[in-house]
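# Structural overview
Next come the chains, spelled out residue by residue.
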Amino acid sequence: MQLHDLTLTDLAAGLAARKFSSREIVDGLLGRIAKADGKLHAFVEVYEKEARALADAADAARASGFPLGRLHGLPIAYKDLCDIAGCIGTGGSKMFDRRVAAETANTVERLTAAGMVPLGKLHMVEFAFGGWGTNPLMGAPWNPWDLQAHRVPGGSSSGTGVAVAARLAPAGIGSDTGGSVRIPCAFNGLVGLKVTFGRIGLSGTMLLSWTLDSIGPMARSVEDCALLLNALAVPDPRDPTTLGQPLEDFTQATKPGSVKGMRLALPDPSQLPGFMHADVTRAWQAAARTFESLGVVVETARLPDWYFDLSRPAGIIIASEAYALHRDYIEDMSKAIGPGVRSRAQAAKTVQAGAYAEEIRLMAERRRFFTDWFAGYDAILMPTVAVPAIPLAEVDEASPIPGYLTRPANYLGLCGLAVPSGQSGGLPLGIQIIGKPFAERDVLKLGKAFQDATGVHRRAPDLSMLGL
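So, how was this worked out
- Residues numbered from 1 in each chain as written.
- Predicted model: local features only at pLDDT ≥ 70, side-chain atom pairs only at ≥ 80, totals over all residues.
- Heavy atoms only, no water.
- Helix = DSSP H or I, 4+ residues; strand = E, 2+ residues; numbered from the N terminus.
- Buried < 20%, exposed > 50% of the residue type's maximum accessible area, 1.4 Å probe, protein only.
- Contact = heavy atoms within 4.5 Å.
- Areas by Shrake-Rupley, 256 points an atom, 1.4 Å probe, with all protein chains shown as cover.
- Lys, Arg positive; Asp, Glu negative; His and termini not counted.
- Charge placed at Lys NZ, Arg CZ, Asp CG, Glu CD.
- Axes fitted to C-alpha atoms, helices over the stretch in contact; angles between N-to-C directions.
- Parallel < 35°, antiparallel > 145°, perpendicular 65-115°, else oblique.
- Nonpolar A, V, L, I, M, F, W, Y, C, P; charged D, E, K, R; others polar.
- Phe/Tyr/Trp six-rings, centres within 6.5 Å; stacked < 30°, edge-to-face > 60°.
- Pairing = 2+ DSSP bridges.
- Right-handed = clockwise from strand over helix to strand, strands pointing away.
- Expected span 1.5 Å × (residues − 1).
- Core = buried A, V, L, I, M, F, W, Y, C linked by side-chain atoms within 4.5 Å.

## Quick look at the overall build of the chain
The helix and strand inventory of the chain stands at 13 helices and eleven strands. With the C-alpha coordinates of the chain rotated into their principal frame, the extents come out at 60 × 60 × 45 Å. For the chain, the proportion of its 468 residues judged to be buried stands at 62%. Here the analysis covers contacts within the chain between residues at least 6 apart in sequence; of these, 78% occur between residues at least 24 apart. Surface summary for the chain: the accessible area is close to 17,000 Å², and the carbon and sulfur share equals 54%. In the chain, the 46 positive side-chain charges and the 47 negative ones have mean positions that sit 3 Å from each other.

Given below as structure tokens:
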């Protein structure tokens, strides 16, 4: 395997064994970006000079013989809502293409402190408000699994999904308010972790919804997500929601071990929406059989009748908070804001007085109810998105499809791991393993077992047309 095909975990082992240098890794990836990103459009900005300088510094530190952390000298790329002081931060909006960030996001600080090398900033849906991955003003990244037709990359972490799938970066950072880590992972064949709200500090991050936002790693193996989470899941003094979390070593969940006896709820298929693609359903059911073969107790269970309606109240909360955050300019038609995002935010104006507060109250009530429902299981096994990636030209911005299966986890305060589960006509399909609040270790353990049993995560898109 070539360096760009290696996972973060593999690269860390190679650096420790002195098989190659950080500079070699970075040079190889920058070369791929130069060849492919004109087509794929994953990066807003590439930090070529900075990445090479920091890679050289990492190599010098390693040569000293002083013990370094596993992430030291490894590359990473950031969704362009993670601010870096002194650098442009657009939040996916053409309106902000000259906005210079005043502070550095907690996520960037943590990974920089761990010695990671930033490759650049990645495209995203404007204001992180959309699941297909479109961006009419700054351009939608090109899903690398079909170089002939421009298919949706998934959103809102669209550039992250494309960059990691295309081997332009071994891992990247996304965010998940209603599925924005998990959806692009499903469309691009990646592993991604939607963490419990309050796991990773949001300071210095451009928000969509202060109630539901979360930062999450996107990579090509479960081990890589655990490795990144170890560096990120720590108290952030600037974000009080992180101060009460349990501190854990998440890499322990990816060590060899049995999942025999763990209990997995499989939603009654009759509850799934009518727009499920047959291949998605088949891959999900095959995943359930794989877990059974591993000794997991898989039990068909009927979710609360309101579970699959949660996309609507989640949408009310997201739109209301997005409108509050962007109210100073969202109504100004002279500002360069995409029509789909503008209309979704403006929809909050139709919410009746008191309705937002009532939705927050109902959400707390449903979370309490669901805690009791979930008590007999370790996780829930769900498809991630109901369809494979569709052509960009077929997107209906008002469609509920992209976030329909993912938003309930955000609404209920759960965590979830997206894992590739198969393909349909050469396009990736995915499952999500939904866990209880702060039960990331459980979903990582189950995801690792599934990954090792299937090997689907090793599949890569063919980029030979781009000279790669």
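## Notes on the packing of helix H8 (residues 278–293) against helix H13 (residues 440–454)
Where H8 meets H13, the closest approach of the two axes is 10 Å, and the angle between their N-to-C directions is 100°. For the element pair H8 / H13, the angle class is roughly perpendicular. Here Ala287, Thr290 and Phe291 of H8 lie close against H13, whose contacting residues are Leu446, Phe450, Ala453 and Thr454. Counted by class, the contact of H8 with H13 contains five nonpolar, two polar and no charged residues.

## Quick word on the packing of aromatic side chains
Going through the model one piece at a time under the given rule, you end up with 15 aromatic pairs. Relative to Phe127, the ring of Phe96 has its centre 6.3 Å away and its plane inclined at 55°; by these criteria the two rings are tilted. Note that Phe96 is positioned in the loop between strand S2 (75–79) and helix H4 (106–113) and Phe127 in the loop between strand S3 (117–122) and helix H5 (158–165), a separation of 31 residues in sequence. What makes Phe96 buried here is its relative accessible area of 16%. By relative accessible area, Phe127 is classed as buried at 5%. Judged by centre distance (5.1 Å) and plane angle (15°), the ring pair of Phe370 and Trp373 falls under stacked.

## A few points about the pairing of strand S7 (residues 263–267)
The buried fraction of S7 is high, at four of five residues. Here five bridges tie S7 to strand S8 (residues 297–301), and the two strands are oriented parallel to one another. By the bridge assignment for S8, Leu264 is matched with Val298. Note on the crossover from S7 through H8 to S8: the handedness is right-handed. Alignment of S7 against strand S9 (residues 379–383), held across two bridges, turns out to be parallel. Pairing of Ala265 across the sheet is with Ile380, part of S9.

## A look at the packing of helix H7 (residues 222–232) against H13
Interhelical geometry of H7 versus H13 gives an angle of 155° and a closest axis separation of 9 Å. One finds that H7 runs roughly antiparallel with respect to H13. Between H7 and H13, the residues in contact are Val222, Glu223, Cys225, Ala226 and Leu229 and Glu440, Leu444, Gly447, Lys448 and Gln451, respectively. Residue classes in the contact of H7 with H13 are distributed as five nonpolar, two polar and three charged.

## Observations regarding unusual backbone geometry
In most cases, non-glycine residues show a negative phi, while peptide bonds are predominantly trans. Following Gly155, the chain continues to Ser156 via a peptide bond in cis, the omega torsion being 10°. Take Ser156: it is sitting in the loop between S3 and H5. Here the phi dihedral of Arg167 falls at roughly 65°; this positive angle occurs in a residue that is not glycine. Looking at where Arg167 falls in the secondary structure, it is placed in the loop between H5 and strand S4 (172–175). The exposure class of Arg167 is buried, given its relative accessible area of 6%. Phi is positive for Phe438, close to 60°, though the residue is something other than glycine.

## Some remarks on the pairing of S4
Neither face of S4 is left uncovered, since the one carrying Gly172 and Gly174 and the one carrying Ile173 and Ser175 both have all their residues buried. Sheet analysis places S2 next to S4, joined by two bridges and oriented parallel. Following the sheet pairing, Ala77 is matched in S4 by Gly172. Note that S4 and strand S6 (residues 215–219) share four bridges and pair antiparallel. Residue pairing in the sheet places Ser175 in a bridge with Ile215 of S6.

## What about the sheet that holds strand S10 (residues 415–424)?
Sheet strands pair by backbone hydrogen bonding; their relative direction is either parallel or antiparallel. Judged by pairing direction, the sheet is mixed, and its eleven strands sit side by side in the order S1-S3-S2-S4-S6-S5-S10-S11-S9-S7-S8 without closing on themselves. Since the sheet does not close on itself, it has two edges, and those belong to strand S1 (43–46) and S8, each with one partner. On average, adjacent strands in this sheet sit at an angle of 30° to one another, irrespective of strand direction. Sheet topology note: the strand S5 (residues 191–194)/S10 ladder contains three bridges and is antiparallel. Each residue of the ladder has a partner; that of Leu193, found in S10, is Leu417. On the sheet, helix H11 (residues 355–374) packs against S7, S8, S9 and strand S11 (427–435) and is oriented at approximately 105° with respect to S9. Running over the sheet, H13 touches S5, S7, S9, S10 and S11 and is turned about 20° from S10.

## Considering H13
End to end, H13 covers 21 Å across 15 residues, agreeing with the expected 21 Å (1.5 Å per residue, within 8%). Taken as a whole, H13 has its buried residues at Glu440, Val443, Leu444, Leu446, Gly447, Lys448, Ala449, Phe450 and Gln451. Where H13 terminates, the next one or two residues include Gly455, which has phi positive at roughly 70°.

## Details of the environment of Ile431
Looking at the secondary structure, you find Ile431 in strand S11. Placed 401 residues apart in sequence, Ile431 and Leu30 show a C-alpha to C-alpha distance of 31 Å.

## Things to note about the nonpolar core
Counting residues in each nonpolar core, the largest one holds 142 residues, and the members touching the most others are Leu111, Phe291 and Leu381. In terms of residue count, the dominant contributor to this core is H7 (eight residues). If we skip the residues at most four places from it in the chain, Phe291 touches Leu264, Val296, Val298, Leu381, Ile431, Ile433, Leu446 and Phe450. If you look at the next biggest cluster of nonpolar residues, it comprises nine residues, including Val164, Leu190, Met218 and Ala418.

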